[in-house]
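Chain by chain, the residues:
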Amino acid sequence: MKTGMTDAIILTLIMSAITFATRLLPFALFRVKRPPSALIRAENVIPPAILIILVAYALQSQGALSGDLRICGAAASAVVILLHLVFRNALISIFSGTAVYMFLRWILGA
């Protein structure tokens, strides 16, 4: 093997071990008999946080865009919010909002 390839394999193994250790460490240090509270479980917190960040970024970046694109973004955001309140399913909300946005862009020629 070439030296560069060996170095890459060694670095990959080291990074994998560090990643595994950081994920295993909380379970090893904080062994509890009862499950953690629903408020601190990452699976309940991360998806809404990511959606909020994406919506804030999308709406913020539309500040310099034309009026037609603002209308498309506002309509798509309203569809996402409405569908998420009705169905509580992120996939339905996101895909429908994207479809509405792209359809309005196509109709308005924006």
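Residues numbered from 1 in each chain as written. Predicted model: local features only at pLDDT ≥ 70, side-chain atom pairs only at ≥ 80, totals over all residues. Heavy atoms only, no water.

1. Things to note about the overall build of the protein
- Broken down by element type, the protein carries 4 helices and 0 strands.
- Shown N-terminal to C-terminal, the secondary structure of the protein runs as helices and strands in the order α-α-α-α.
- Put simply, the protein has 110 residues, and 9% of those count as buried.
- Residue pairs at least 24 apart in sequence account for 47% of intrachain contacts in the protein once pairs closer than 6 positions are excluded. (Helix = DSSP H or I, 4+ residues; strand = E, 2+ residues; numbered from the N terminus. Buried < 20%, exposed > 50% of the residue type's maximum accessible area, 1.4 Å probe, protein only. Contact = heavy atoms within 4.5 Å.)

2. A few points about the packing of helix H3 (residues 67-87) against helix H4 (residues 90-108)
- Where H3 contacts H4, the axes come no closer than 8 Å and their chain directions differ by 155 degrees. Overall, the two elements H3 and H4 adopt an arrangement that is roughly antiparallel. Viewed along their axes, H3 and H4 form a crossing whose handedness is right-handed. Only Ala90, Ile92, Ser93, Ser96, Gly97, Val100, Tyr101, Leu104, Arg105 and Leu108 of H4 make contact with H3, whose side of the interface consists of Asp68, Leu69, Cys72, Gly73, Ala75, Ala76, Val79, Val80, Leu83, His84 and Phe87.
- For the contact of H3 with H4, a count of residues per class yields 14 nonpolar, 5 polar and 2 charged. (Axes fitted to C-alpha atoms, helices over the stretch in contact; angles between N-to-C directions. Parallel < 35°, antiparallel > 145°, perpendicular 65-115°, else oblique. Left-handed = near helix turned anticlockwise from the far one by under 90°. Nonpolar A, V, L, I, M, F, W, Y, C, P; charged D, E, K, R; others polar.)

3. As for the environment of Trp106
- Mapped onto the elements of the fold, Trp106 is located in helix H4.
- Given a relative accessible area of 63%, Trp106 falls into the exposed group.
- Sequence-wise, Trp106 and Cys72 are 34 residues apart; in three dimensions their C-alpha atoms are separated by 10.0 Å.

4. Focus: helix H1 (residues 3-29)
- End to end, H1 covers 38 Å across 27 residues, agreeing with the expected 39 Å (1.5 Å per residue, within 8%).
- At Arg23, H1 shows its maximal bend, which comes to roughly 30 degrees, and the proline Pro26 appears one to four places after that position. (Expected span 1.5 Å × (residues − 1). Bend = angle between axes of the 7 residues up to and from the residue.)

5. Some points on the environment of Leu91
- Counting through the fold element by element, Leu91 comes out in helix H4.
- It is 9.9 Å that separates the C-alpha atoms of Leu91 and Val80, two residues lying 11 residues apart in sequence.

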